[in-house]
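# Report on the structure
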Amino acid sequence: KAPAQRGIFCNYLGMGIEAASLHAYHQLREAQPHRFTHPMKNQALMAWYGFPATGFCGCMHSAPHLAPVLRVDYRDVGEHTLAPLVLPAKLKALLIINIHSHAAGRNPWGKSSSRQAKVPSQGDGVLEVCGVTNAMHGSRYLLGAST
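Residues numbered from 1 in each chain as written. Predicted model: local features only at pLDDT ≥ 70, side-chain atom pairs only at ≥ 80, totals over all residues. Heavy atoms only, no water.

## What to know about the overall build of the protein
- Assigned secondary structure in the protein consists of 3 helices and 5 strands.
- Along its sequence from the N terminus, the protein presents helices and strands in the succession β-α-α-β-β-β-β-α.
- Counting only residues that meet the buried cut, the protein has 31% of its 147 residues in that class.
- Sequence-distant contacts, at least 24 apart, represent 63% of the contacts inside the protein between residues at least 6 apart.
- Carbon and sulfur atoms make up 58% of the accessible area of the protein, which totals about 9900 Å². (Helix = DSSP H or I, 4+ residues; strand = E, 2+ residues; numbered from the N terminus. Buried < 20%, exposed > 50% of the residue type's maximum accessible area, 1.4 Å probe, protein only. Contact = heavy atoms within 4.5 Å. Areas by Shrake-Rupley, 256 points an atom, 1.4 Å probe, with all protein chains shown as cover.)

Here is the structure:
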């Protein structure tokens, strides 16, 4: 029997319009890496190529609401039992994240001076959860106007 490996989760999992947008972005980044040279440029390319996948512009069908088809259970630090996470009825994207930035360098928690929660860390055993209710909310988040 192989010995158990201990590691740290350093990634994110996106569902809904989050996943559709990031998938379009990553496909382009793999095909044309020379275009992705700066975080600001990367964010612009993500918006340009990921936006149609949200359904907001009418160029694709609207993304479904996740709450009726998704169940997320969580456990508070120090607790032993799981509890259901109440998802907003209009939730269109859910992101489970354990890195300091995503979406081409966007920090979902805002500036550290405005943060009420502790700074996320890959080694703290906690996964942060972010939700987006529509493409406009997601756009404000990417532009730094919403966290």
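## Considering the nonpolar core
- Of all hydrophobic cores here, the largest spans 6 residues; its members are Leu22, Tyr25, Leu28, Phe36, Leu45 and Met46.
- At the level of elements, α1 (17-31) and α2 (39-50) are the ones that each hand at least two residues to this core.
- Tallying contributions element by element places α1 first for this core, with 3 residues.
- Among all residues touching Leu28, those that are not within four sequence positions of it are Arg35, Phe36 and Tyr49. (Core = buried A, V, L, I, M, F, W, Y, C linked by side-chain atoms within 4.5 Å.)

## Observations concerning the pattern of salt bridges
- Applying the stated rule across the entire model yields 1 salt bridge.
- Among the salt bridges present, the one from Asp73 reaches Arg71, with a minimum N-O distance of 2.9 Å. (Salt bridge = Lys/Arg side-chain N within 4 Å of Asp/Glu carboxyl O.)

## A closer look at a nonpolar patch on the surface
- Side chains of Tyr74, Leu85 and Val129 sit close together on the surface and give an oily, nonpolar patch of about 220 Å² of accessible area.
- One can find Leu85 in the loop between β3 (83-84) and β4 (93-97). (Patch = residues over 30% accessible without salt bridge, like charges linked within 9 Å, V, L, I, M, F, W, Y side chains within 5 Å.)

## Looking at the sheet that holds strand β5 (residues 128-132)
- As summarised here, the arrangement of the 3 strands in space is β1-β4-β5, forming an open sheet in which the pairing is antiparallel. The open sheet terminates on both sides in strands that have one partner only, identified here as β1 (12-16) and β5. The sheet shows a mean angle of 15 degrees between the axes of neighbouring strands, taken without regard to direction.
- Pairing between β1 and β4: 5 bridges, direction antiparallel. (Pairing = 2+ DSSP bridges. Axes fitted to C-alpha atoms, helices over the stretch in contact; angles between N-to-C directions.)

## A few points about α1
- When the terminal C-alpha atoms of α1 are compared, their 21 Å separation across 15 residues agrees well with the 21 Å that a helix rising 1.5 Å per residue should span.
- Among the residues of α1, Ile17, Glu18, Ser21, Leu22, Tyr25 and Leu28 are the ones counted as buried. When α1 is viewed along its axis, its buried side chains cluster within an angular range of 125 degrees and face the same direction. In this structure, α1 carries Glu30 and Ala31 as exposed residues pointing more than 90 degrees from its buried face. (Expected span 1.5 Å × (residues − 1). Arc of directions from axis to C-beta.)

## Section: the confidence of the model for the protein
- Across the protein, the average pLDDT comes to 75, with 65% of residues at 70 or higher.
- When the elements of the protein are averaged for pLDDT, helix α3 (residues 135-142) gives the smallest value, 61, and β3 the largest, 94. (pLDDT = per-residue confidence, 0-100.)

## Observations regarding the pairing of β5
- Because side chains alternate across β5, one face comprises the buried residues Glu128, Cys130 and Val132, and the other comprises Val129 and Gly131, none of which is buried.
- Examined bridge by bridge, β4 and β5 share 5 bridges and lie antiparallel to one another. Residue Leu95 lies in a different strand from β5, and its bridge partner there is Cys130.

## Observations concerning the packing of aromatic side chains
- All chains considered together, the criterion is met by 1 aromatic pair.
- With 5.4 Å between their ring centres and 85 degrees between their planes, Tyr25 and Phe36 make a pair best called edge-to-face. Placement of the pair is Tyr25 in helix α1 and Phe36 in the loop between α1 and α2, with a sequence separation of 11 residues. (Phe/Tyr/Trp six-rings, centres within 6.5 Å; stacked < 30°, edge-to-face > 60°.)

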